[in-house]
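Chain and residue survey
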Amino acid sequence: LTITVEPGVITNEINEVLRDDGLFYAGYPMSLETCTIGGNVAENAGGGKAVKYGVTGRYVTGLEVVTPTGEIVQLGGKLVKDVTGYDLVSLMVGSEGTLGVFTSITLKLMPLPQSNVDLLVLFGNIHDAISAVPRIMTGGIIPTAIEFMDQSAFVAACKYLNETIPYQQAGAMLLISVDGGDAEQVQRESESIGEMCLSAGAIEVYVADNHTTSERIWSVRRNIAEAFKVFSPKQSLEDIVVPIAQIADMVDRLGELSGKWDCPIPCYGHAGDGNLHATPVMNPAWTQEEWEHKLQAILAEMYQIAKSLGGTISGE
């Protein structure tokens, strides 16, 4: 139930190797097809499945590290429980290369879920969408993922993908996943979550219970950044975090900031843990010099807003 890898392995390839053994690595950054496991560990990366499975650090049991003085140090290993001495593995995870270079990583594995259902839920406004999150989180079911997209984000992605989902009346979307080993239980849990969303004011709940339809709705979430590159190739992908209860206020404040600077700031991310990608996109009318100058002021205000709501400037 462990796998030892070098840091340059593409994260997605780990699960491709493990699939035939009925196992999987539960870390799931949204850029899983391009990011490396070494980068994930250095940043303690989260992602779409962090609600149920947690972030990268939960699965790192061992590291081989080269220190700044050139020593090769082995920390942790394949032990399920290892509490002797200081927890130096946790110190290294998320240290962003400031304490050493990882040369080998040992990860804890889990049984591969046998069933998965995704729900794409349309809401009339942001506040209804966010109000559904605590209902779900306290409803006795732990979803795998709860992703949030504001209107500007999903409209851009749907147009980019020529998606025919009738999204025109929606002001926000939630993308919710449920997985497990029992297909009937997963089905019941997804139906229960859909009912919670409808009681919270959802306009429509679309159910994806096979690979093709799941990929279709997840592609909307994954292609937001690419969609905005069509509008403007210059963007600043931010990673702010606020308490879950403050997500709606944060999005409202971002709308005000966008209007103030005449700069699109689509917002999407992980509603289950309050980690939002608020992304200033360069107004095509600006010069490169204007963009660089204005971006610094926009980011300073954005970070201050996040702080004032009890948040922080980055989730990783």
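Refer to the structure above for everything that follows.
Residues numbered from 1 in each chain as written. Predicted model: local features only at pLDDT ≥ 70, side-chain atom pairs only at ≥ 80, totals over all residues. Heavy atoms only, no water.

Moving on to the packing of aromatic side chains. Enumeration over the complete set of coordinates arrives at four aromatic pairs. On the basis of an interplanar angle of 80° and a centroid distance of 5.5 Å, the ring pair of Phe-24 and Tyr-53 is categorised as edge-to-face. Taken as a pair, Phe-24 in strand 2 (residues 23-24) and Tyr-53 in helix 3 (residues 50-53) lie far apart in primary sequence, 29 residues in all. Across the pair, Tyr-53 and Phe-24 agree in class, each one buried. Ring centres 6.1 Å apart and planes at 90° place the aromatic pair Tyr-25 and Tyr-59 in the edge-to-face group. Of this pair, Tyr-25 sits in the loop between strand 2 and helix 2 (37-43) while Tyr-59 is found in the loop between helix 3 and strand 3 (60-66), placing the two residues 34 residues apart along the sequence. (Phe/Tyr/Trp six-rings, centres within 6.5 Å; stacked < 30°, edge-to-face > 60°. Helix = DSSP H or I, 4+ residues; strand = E, 2+ residues; numbered from the N terminus. Buried < 20%, exposed > 50% of the residue type's maximum accessible area, 1.4 Å probe, protein only.)

Bringing the nonpolar core into the picture now. The biggest cluster of nonpolar side chains holds 48 residues, and the ones touching the most others in it are Val-121, Phe-148, Leu-174, Ile-176, Met-250 and Met-302. Considering each element in turn, this core owes the most residues, seven residues, to helix 11 (residues 288-308). Counting residues in each nonpolar core, the second largest holds 26 residues, with Ala-156, Ala-170, Val-220 and Val-281 among its members. (Core = buried A, V, L, I, M, F, W, Y, C linked by side-chain atoms within 4.5 Å.)

Turning our attention to the sheet that holds strand 9 (residues 172-180). Pairing in this open sheet of seven strands is antiparallel, and the strands run 10-7-9-8-12-13-11 from one edge to the other. Bordering the open sheet on either side are strand 10 (202-208) and strand 11 (240-241), each of which pairs with just one other strand. Contacting strand 8 (145-150), strand 9 and strand 12 (267-270), helix 6 (residues 151-161) crosses the sheet at an angle of about 90° to strand 8. Helix 10 (residues 247-261) rests against strand 8, strand 11, strand 12 and strand 13 (275-278) of the sheet, and its axis sits at about 10° to strand 13. (Pairing = 2+ DSSP bridges. Contact = heavy atoms within 4.5 Å. Axes fitted to C-alpha atoms, helices over the stretch in contact; angles between N-to-C directions.)

Take helix 8 (residues 211-222) next. In an α-helix, one full turn covers 3.6 residues, which means residues spaced three or four apart are oriented alike. Here helix 8 contains 12 residues, and its C-alpha end-to-end distance of 16 Å stays within 8% of the 16 Å for a straight helix at 1.5 Å per residue. Regarding helix 8, the residues found buried are Ser-214, Ile-217, Trp-218, Ser-219, Val-220 and Arg-221. Where helix 8 begins, the side chain of Asn-210 points an oxygen toward the backbone nitrogen of Thr-212, at a separation of 3.1 Å. (Expected span 1.5 Å × (residues − 1). Polar contact = N/O pair within 3.5 Å; in protein donor to acceptor, adjacent residues only side chain to side chain.)

Tracing the sequence through the fold places Thr-67 in the loop between strand 3 and strand 4 (72-76). Judged by its relative accessible area of 18%, Thr-67 is buried.

This part covers the pairing of strand 12. For strand 8 and strand 12, the ladder comprises three bridges, and the chain directions are antiparallel. Bridge assignment links Phe-148 to a residue of strand 12, and that residue is Gly-269. Linking two consecutive strands that pair antiparallel, namely strand 12 and strand 13, is a turn of four residues; a positive phi of about 75° is found at Gly-274 within it.

Here we take up helix 11. With 21 residues, helix 11 should reach 30 Å at 1.5 Å per residue; the first-to-last C-alpha distance of 30 Å fits that figure. Among the residues of helix 11, Trp-291, Leu-295, Ile-298, Leu-299, Met-302, Ile-305 and Ala-306 are the ones counted as buried. Downstream of helix 11 by one or two residues, Gly-310 has phi in the positive range, about 85°.

Looking down a regular strand, the side chains alternate between one sheet face and the other. Pairing analysis gives four bridges linking strand 1 (residues 2-5) to strand 5 (residues 101-108), with the strands arranged antiparallel. Paired with Val-5 across the bridge in strand 5 is Ile-105. With six bridges joining them, strand 3 and strand 5 adopt antiparallel strand pairing. The residue of strand 5 that forms the bridge with Gly-62 is Thr-106.

Further remarks concern a nonpolar patch on the surface. On the surface, Tyr-86, Leu-88, Leu-91 and Leu-99 cluster together to form a nonpolar patch covering roughly 440 Å² of accessible area. With respect to the helices and strands, the residue Leu-88 is situated in helix 4 (residues 88-92). (Patch = residues over 30% accessible without salt bridge, like charges linked within 9 Å, V, L, I, M, F, W, Y side chains within 5 Å. Areas by Shrake-Rupley, 256 points an atom, 1.4 Å probe, with all protein chains shown as cover. Salt bridge = Lys/Arg side-chain N within 4 Å of Asp/Glu carboxyl O.)

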